[in-house]
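Now for the letters of each chain:
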Amino acid sequence: MANDADGTEVSRRNYLKLGGATLAGVSFASVGSAVMDRGSDDGDEGAQASNTVLIQDGTVVTVDPERGVLDEADILVRDGEIDAIGSDIDAPAADVVDASDSIVVPGFVNAHLHTWESGVRGVAGNWTFLEYLEKMLGEISSHYRPEDAYLGNLFGAVQQLNAGTTTVLDWFHIANTPDHTDRAIDGLADAGIRSLFVHGPPGDDSATWWSNSDEPHPDDIRRLHEERFPSEDGLLTLGMGIRGPDYSTDEVVTQDIELAREIGIPASMHIGSLGPGGVSKLDELGLLGDDLNYVHANRLTEEEFQLIGESGGSVSTTPEVELQMGMGMPALGDAIDAGAIPSVGVDIVSNVSDDMFTQNRMALQVQRGLDNQPTVEANEQIQDVSLTAHRALEFATIEGARALGLDDEIGSLTPGKRADITVIDTDDLNTAASHNPVETVVFQSGIENVDTVLVDGNVVKRNGLIHNPTAQNHLDRLEASGRRIMRESDL
Ligand SMILES: [Zn+2]
């Protein structure tokens, strides 16, 4: 590694690519802890050079019960698919990623993110949930223009990749015009991330859309399904972000879920963070099903969790947001106990950490604390912790994939699945000396240790550098967008 004039790390490969340019005059746009690769706009040989990639000599945590953890293993990726996992795989033409001193895991699945909010980071760290509804969905979101939606989604998604997350459920609730929606989808596409794009309501009138709303879901979703998501293959798929029983009338809830089912896409809703009763209402209306995703769910009753479990639904826990904003304790354990699919997400980058390392670790430790507490209160001693580190890694990978209906394609390192892969350095100060790869990933690792990331076989981050010809050198556009939005918001 070399250093530029600002002390920013630059990979040797990158340094060489600059040729005769003097580094002193070059500014490197940072994305989180990473440095953007400065490949030219008309093609970046560092990014997607080969359709065959060999990840060599890694400690491979497959999250596949049949394969477990493999030492000094290779993964052969061919045409975007995991072709083989084993020892000493011979692939002379492959682009080789050296994974010695590294742990290789499935790319993380962030099961709940409002990606557009990356343009307004650091505004909501002291807000309650009601303040969020009033200020974010009642004010800030109305000042987003289509280009702001694009920039928020592009850079928000690139940062997810930077943090080792290869799939996001993007819950988009600033569908203010069809242009907003189209540009948000463009942002995800230009980021190169895998995403279930969940089309929600407009963000320009919260009284109409979020308060016992009698407005059915925007009909634009039919156009999207036909024009933007004609096939179910590819990195981007479509879902519907419904308001659900906590925010809309019974008629609208029924109409929205029926519309999602008519189109044949899953529906996701925020529920149970203001109070119980929403899932009972869905049951009463005869609407429960395995195509429904329940976000937060903190205050649902035990019976409601049972209904989710029995109907095959998934629960998405976003612990940092829920703890801050007064939604209630995270409901991960309730979801597991009821047999619902347990997944973890970030939710709002305007106030919390945007990486799955942090959120997943918090989800695990908070649940352990909740499970320990009755024993502590009885003044007795804990004999075993309730959830293992490996189980937590499953929440961030295969369970997230199940929640998004993508577990046949991603979520574990299994031959035949798509190659969404994250490589984590174990020779960094905070990861060495690693004795248990699962614990190193779950408890010690962070964004700074994410060395290499593949999505669908494409190398989107390598040697700690993000490769994205569209985003590189344009972070100032996101900053300008965010500044204008906050200036115009009457807060
Ligand atoms: Zn949310």
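The name that an unreviewed UniProt entry assigns to the protein chain is Metal dependent hydrolase family protein, with the source organism given as Halobacterium hubeiense.

1. Examining the overall build of the protein chain
The helix and strand tally for the protein chain stands at 16 helices and 21 strands. A buried classification covers 53% of the 491 residues belonging to the protein chain. If you take every contact in the protein chain between residues at least 6 apart in sequence, the share linking residues at least 24 apart comes to 77%.

2. So, the environment of G278
Within the secondary structure, G278 is located in helix 8 (residues 278-284). Once the C-alpha coordinates of G278 and P245 are considered, the two residues, 33 residues apart in sequence, prove to be 5.3 Å apart. Setting aside residues no more than four positions away along its own chain, G278 makes contact with G244, P245, D246, I271 and G272.

3. Looking at unusual backbone geometry
Put simply, A432 and A433 share a cis peptide bond, and its omega is -10°. Position of A433 among the secondary structure elements: in the loop between strand 18 (421-425) and helix 15 (437-444). Even without being glycine, E72 reaches a positive phi, approximately 45°. Locating E72 in the fold gives a position in strand 6 (residues 69-78).

4. Focus: the pairing of strand 16 (residues 314-317)
Residues of strand 16 alternate between two faces, with S314 and S316 on one and V315 and T317 on the opposite face, all of them buried. Two strands pair when backbone bridges link them, and strand 15 (residues 292-296) and strand 16 are joined in this way by three bridges, in the parallel orientation. From the neighbouring strand, Y294 faces strand 16, where its bridge partner is V315. Tracing the backbone out of strand 15, into helix 9 (residues 302-311) and back to the parallel element strand 16 gives a crossover that is right-handed.

5. With respect to the sheet that holds strand 13 (residues 236-241)
Spatial strand order, 10-11-12-13-14-15-16-17: eight strands in an open sheet with parallel pairing. With partners counted over all chains shown, the strands left at the sheet margins are strand 10 (108-113) and strand 17 (341-344), one partner each. Each neighbouring strand pair of the sheet contributes to a mean axis angle of 25°, computed without reference to strand direction. Taken together, the four bridges between strand 10 and strand 11 (residues 165-172) define a ladder with parallel strand orientation. Among the inter-strand pairings, N110 is bridged to a residue of strand 11, identified as V168.

6. Concerning the packing of helix 4 (residues 178-191) against helix 6 (residues 220-228)
Put simply, helix 4 and helix 6 touch, their axes get as near as 11 Å, and they point 35° apart. Judged by the twist between their axes, the crossing of helix 4 over helix 6 is right-handed. From helix 4, P178, T181 and I185 reach across to helix 6, where they touch D220, R223, L224 and R228. Considering only residue class, the contact of helix 4 with helix 6 consists of three nonpolar, one polar and three charged.

7. Some words on the packing of helix 3 (residues 146-162) against helix 16 (residues 475-488)
Packing of helix 3 against helix 16 brings their axes to within 10 Å, and their N-to-C directions diverge by 130°. Considering their axes alone, helix 3 and helix 16 lie oblique with respect to each other. Crossing angle aside, the handedness with which helix 3 passes helix 16 is left-handed. Residues D148, L151 and F155 of helix 3 pack against L475, R477, L478, S481 and I485 of helix 16.

8. Describing the pairing of strand 5 (residues 52-61)
In terms of burial, strand 5 is largely enclosed, as nine of its ten residues are buried. Looking at chain direction, strand 5 and strand 6 are connected through seven bridges and run antiparallel. Following the sheet pairing, I55 is matched in strand 6 by I75. Across four bridges, the pairing between strand 5 and strand 8 (residues 95-98) is parallel. Across the sheet, I55 pairs through a bridge with V97, a residue of strand 8. Examined bridge by bridge, strand 5 and strand 9 (residues 102-106) share two bridges and lie parallel to one another. In the sheet register, V60 faces strand 9, and the bridge partner there is V104.

9. Focus: helix 9
Turning to helix 9, its buried residues are E304, F305 and I308. The buried residues of helix 9 occupy an angular sector of 100° when the element is viewed end-on, so they sit on one face. What points out from helix 9, more than 90 degrees from its buried face, is the exposed set E302 and E303. At its buried positions, helix 9 is contacted by helix 8, strand 15, strand 16 and helix 11 (332-337). At the C-terminal side of helix 9, G312 shows a positive phi close to 85°.

10. As for the nonpolar core
The biggest cluster of nonpolar side chains holds 125 residues, and the ones touching the most others in it are I55, I75, V104, L161, A335 and L454. Broken down by element, this core gets its largest block of residues, eight residues, from helix 3. In terms of domain composition, this core takes at least three residues from each of domain 1 (52-107 + 411-466) and domain 2 (119-403). Sequence-distant contacts of I75, defined by excluding residues within four places in its chain, comprise I55, V60, I82, I85, V104, L413 and I421.

Criteria and thresholds
- Residues numbered from 1 in each chain as written.
- Predicted model: local features only at pLDDT ≥ 70, side-chain atom pairs only at ≥ 80, totals over all residues.
- Helix = DSSP H or I, 4+ residues; strand = E, 2+ residues; numbered from the N terminus.
- Buried ≥ 20, exposed ≤ 12 C-beta atoms within 10 Å, placed from the backbone.
- Contact = placed C-beta atoms within 7 Å.
- Pairing = 2+ DSSP bridges.
- Right-handed = clockwise from strand over helix to strand, strands pointing away.
- Axes fitted to C-alpha atoms, helices over the stretch in contact; angles between N-to-C directions.
- Left-handed = near helix turned anticlockwise from the far one by under 90°.
- Nonpolar A, V, L, I, M, F, W, Y, C, P; charged D, E, K, R; others polar.
- Parallel < 35°, antiparallel > 145°, perpendicular 65-115°, else oblique.
- Arc of directions from axis to C-beta.
- Core = buried A, V, L, I, M, F, W, Y, C linked by C-beta atoms within 7 Å.
- Domains from an automatic or database assignment.

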